[in-house]
Amino acid sequence: MAEILVIEDDKAIQNLLKIALKQENHDVIAVSSAHKGIDYAIKGTVDLVILDLGLPDMDGINVVKTIREFNEKMPIIIVSARGDEQEKIKCLDAGVNDYVEKPFSCAELMARIRATLRYAAAGDIIQNAVFVNGDLKIDFSAHSVFVKDKEVHLTNLEYKLLCVLAHNVGKTLTQNYIITKVWGAGGNDANGLRVFMASIRRKIEKDPYTQELIRTEVGVGYRMNKV
Ligand code: CA
């Protein structure tokens, strides 16, 4: 199915991942050091990276930053024992696609991998002029938004905000990332952002409270789900 690179120095977890990934018909490359991992990630034909944050030769966040310098789109899922919210935010800000805490269930991790690969494929579709996600349609060239083929009127800032979410569909974006993209660094705060999100939800969600399209990750940020 896909070629998955596992960067993990714990042999037991490495083996567990190898078995689980092979059962899903993926090809697996497993390495124990950050430097080897980076080599494979930027030179090889890898489709997705599973990365442990605590590696012997380099901090995991720096691994993410290095891979991102060479490949902005490479899907990266962090698997880490660190349950720290700030750590999670740092990783998301550095551009990881998902974050799974140890101990993890293999079934859950495999589901996240499937979703991340799907989103990565959807990312290619967004290069087109029209973005479709369930009942939502964004025509980028016309700056128009439709729900069930009915045009919805958004303000300029609401439209910009929706586009940032759509361009990163399936990925959790931190509040800071979104604010910097829409208003510029420091141009708004978490409360201001929440007000804009509520307004967009009223316009595009079937039910603003179910968060079917736009999900709040409490304390972290927001994610547009692929529906
Ligand atoms: Ca480790």
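The rules behind each value
Residues numbered from 1 in each chain as written. Predicted model: local features only at pLDDT ≥ 70, side-chain atom pairs only at ≥ 80, totals over all residues. Heavy atoms only, no water. Salt bridge = Lys/Arg side-chain N within 4 Å of Asp/Glu carboxyl O. Helix = DSSP H or I, 4+ residues; strand = E, 2+ residues; numbered from the N terminus. Buried < 20%, exposed > 50% of the residue type's maximum accessible area, 1.4 Å probe, protein only. Contact = heavy atoms within 4.5 Å. Polar contact = N/O pair within 3.5 Å; in protein donor to acceptor, adjacent residues only side chain to side chain. Donors = N, O, S within 2.8 Å, 3.2 Å for Na, K, Ca; no water. Core = buried A, V, L, I, M, F, W, Y, C linked by side-chain atoms within 4.5 Å.

Participant: In this structure, what is going on with the pattern of salt bridges? I would like to understand it.
Facilitator: Close approach of charged atoms allows side chains of opposite charge to pair. All told, the structure shown has eleven salt bridges when counted by the stated rule. Glutamate 217 is the partner of arginine 215 in a salt bridge, and the nearest nitrogen-oxygen pair spans 2.8 Å. Overlapping salt bridges, with partners in common, bring together Asp98, Glu108, Arg112, Arg215, Glu217 and Arg223 in one network.

Participant: Looking at this structure, how should I read the environment of asparagine 97?
Facilitator: By secondary structure assignment, the location of asparagine 97 is in the loop between helix H4 (85-93) and strand S5 (98-101). Taking the relative accessible area as the measure of exposure, asparagine 97 reaches 15% and is therefore buried. Between the C-alpha atom of asparagine 97 and that of alanine 129, which follows or precedes it by 32 residues, the distance is 23 Å. Beyond its immediate stretch of four places on either side in the chain, asparagine 97 contacts Arg68, Met74, Pro75, Ile76, Thr116, Gly170, Lys171, Thr172 and Arg223. For asparagine 97, the side chain forms a polar contact with the side chain of arginine 68, separated by 3.3 Å.

Participant: What exactly am I supposed to notice about the coordination of the calcium ion here?
Facilitator: Tetrahedral metal sites with four donors have an ideal angle of 109.5 degrees; octahedral sites with six donors have ideal angles of 90 or 180 degrees. Asp9 (OD), Asp52 (OD) and Gly54 (O) make up the full set of protein donors to the calcium ion, lying at 2.2 to 2.4 Å. Spacing between the donor residues of the calcium ion along their common chain follows D-x42-D-x1-G.

Participant: Would you explain the nonpolar core in this entry?
Facilitator: One recurring pattern in soluble globular proteins: nonpolar side chains tend to sit buried together. Within the largest apolar cluster, 27 residues are counted, with the highest numbers of intra-cluster contacts made by Leu136, Ile138, Val145, Leu162, Ile178 and Met224. For this core, the secondary structure elements donating two or more residues are strand S7 (136-139), helix H6 (156-167), helix H7 (175-182), helix H8 (190-204) and strand S12 (221-224). Here the element with the most residues in this core is H6; it accounts for seven residues. Sequence-distant contacts of isoleucine 178, that is, excluding residues within four places in its chain, are made with Leu161, Leu165, Leu173, Leu193, Met197 and Tyr222.

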